[in-house]
Amino acid sequence: MQRSDYTKGELMEGDVLRDPFLMFREWLGTARDENVVEPEAFCLSTATADGRPSARMLLLRGVDHGLLFYTNYLSRKGRELTENPFAAMTFWWGDLERQVRIEGEVHQVTAEESDAYFASRPASSRQASAASPQSQVVSGRDELEERVAAEGTDRPDHWGGYRLVPTAFEFWQGRPSRLHDRFRFTKVENGWLIERLAP
Ligand SMILES: Cc1cc2nc3c(=O)[nH]c(=O)nc-3n(C[C@H](O)[C@H](O)[C@H](O)COP(=O)(O)O)c2cc1C
């Protein structure tokens, strides 16, 4: 069993910005600058109305007052978000020994925002995502390839974006001997409550 000690950085009270979005942008920028593999990749956790969770990797496609990602609204995650809009995102930037956790409510973006993002994608990706009945059982690869060949490049109504509007963030920096640094931001009426958590 591998046991690595985390020694790449620290996160002290003086390093924590007051605005978690600025802090998130700064850490994402560092992950990009340091050539972390797929810095935009995160794990999205959703749950059914009766609380059964599921999780999968996605790519972050924007940050404004929320975090944006794109997918098929009829997929498993899409169906779970329809019945329960609360979700969690987890980023792991291993080379930096950093984790970020974000929780909040998820809303579909406007059709205009989805159109703009869809139009920015290569035609082959547009065709594939329009044709793929994401999360459904298919008979084989042939079926998928036939569906793609028959598909145009317009955005179908069931494919588009979501925005997770955070109510909590946690920034985690690995430290030696498992004494990691953790800061949680919780949305309160006039801003964000910032607290250090035990590792
Ligand atoms: C690194 C990575 C990035 C991914 N990005 C996306 C994405 O942005 N949108 C998407 O729909 N699926 C993406 N996928 C595929 C999802 O993990 C998943 O297989 C798919 O969305 C179906 O999930 P569901 O059945 O839980 O809805 C990605 C997979 C990986 C490994």
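Because the structure is a prediction, the values reported are computed rather than measured.

## Points about the nonpolar core
Counting 32 residues, the largest nonpolar core has Phe24, Met89 and Trp93 as its most contacted members. Secondary structure elements with two or more residues in this core: α1 (20-33), β1 (41-47), β4 (67-72), β5 (86-93), β6 (98-108), β7 (159-173) and β8 (181-188). With six residues, the top contributor of residues to this core is α1. Ignoring anything within four residues of it in the chain, the contact list for Phe24 reads Leu60, Val63, Leu67, Phe91, Trp93, Val100, Ile102, Phe169 and Phe171. Core analysis: the next-biggest nonpolar cluster, separate from the first, contains seven residues, Leu68, Phe118, Ala130 and Trp159 among them.

## Remarks on the site of the ligand
Taken together, Arg56, Met57, Leu58, Leu59, Tyr70, Thr71, Ser75, Arg76, Lys77, Gln134 and Ser135 make up the full set of residues adjacent to the ligand. Tyr70 is positioned with one of its backbone polar atoms (N or O) 2.9 Å from a nitrogen atom of the ligand. Contact between the ligand and Arg76: an oxygen atom at 3.3 Å from a main-chain N or O atom of the residue. Within the complex, the protein chains bury 63% of what would otherwise be the 610 Å² of accessible surface of the ligand. Ranked by residue count, the leading element in the shell around the ligand is strand β2 (residues 53-59), at four residues. Its residues placed into classes, the shell around the ligand shows four nonpolar, four polar and three charged.

Cut-offs applied
- Residues numbered from 1 in each chain as written.
- Predicted model: local features only at pLDDT ≥ 70, side-chain atom pairs only at ≥ 80, totals over all residues.
- Heavy atoms only, no water.
- Core = buried A, V, L, I, M, F, W, Y, C linked by side-chain atoms within 4.5 Å.
- Buried < 20%, exposed > 50% of the residue type's maximum accessible area, 1.4 Å probe, protein only.
- Helix = DSSP H or I, 4+ residues; strand = E, 2+ residues; numbered from the N terminus.
- Contact = heavy atoms within 4.5 Å.
- Near = heavy atom within 4 Å.
- Polar contact = N/O pair within 3.5 Å; in protein donor to acceptor, adjacent residues only side chain to side chain.
- Areas by Shrake-Rupley, 256 points an atom, 1.4 Å probe, with all protein chains shown as cover.
- Nonpolar A, V, L, I, M, F, W, Y, C, P; charged D, E, K, R; others polar.

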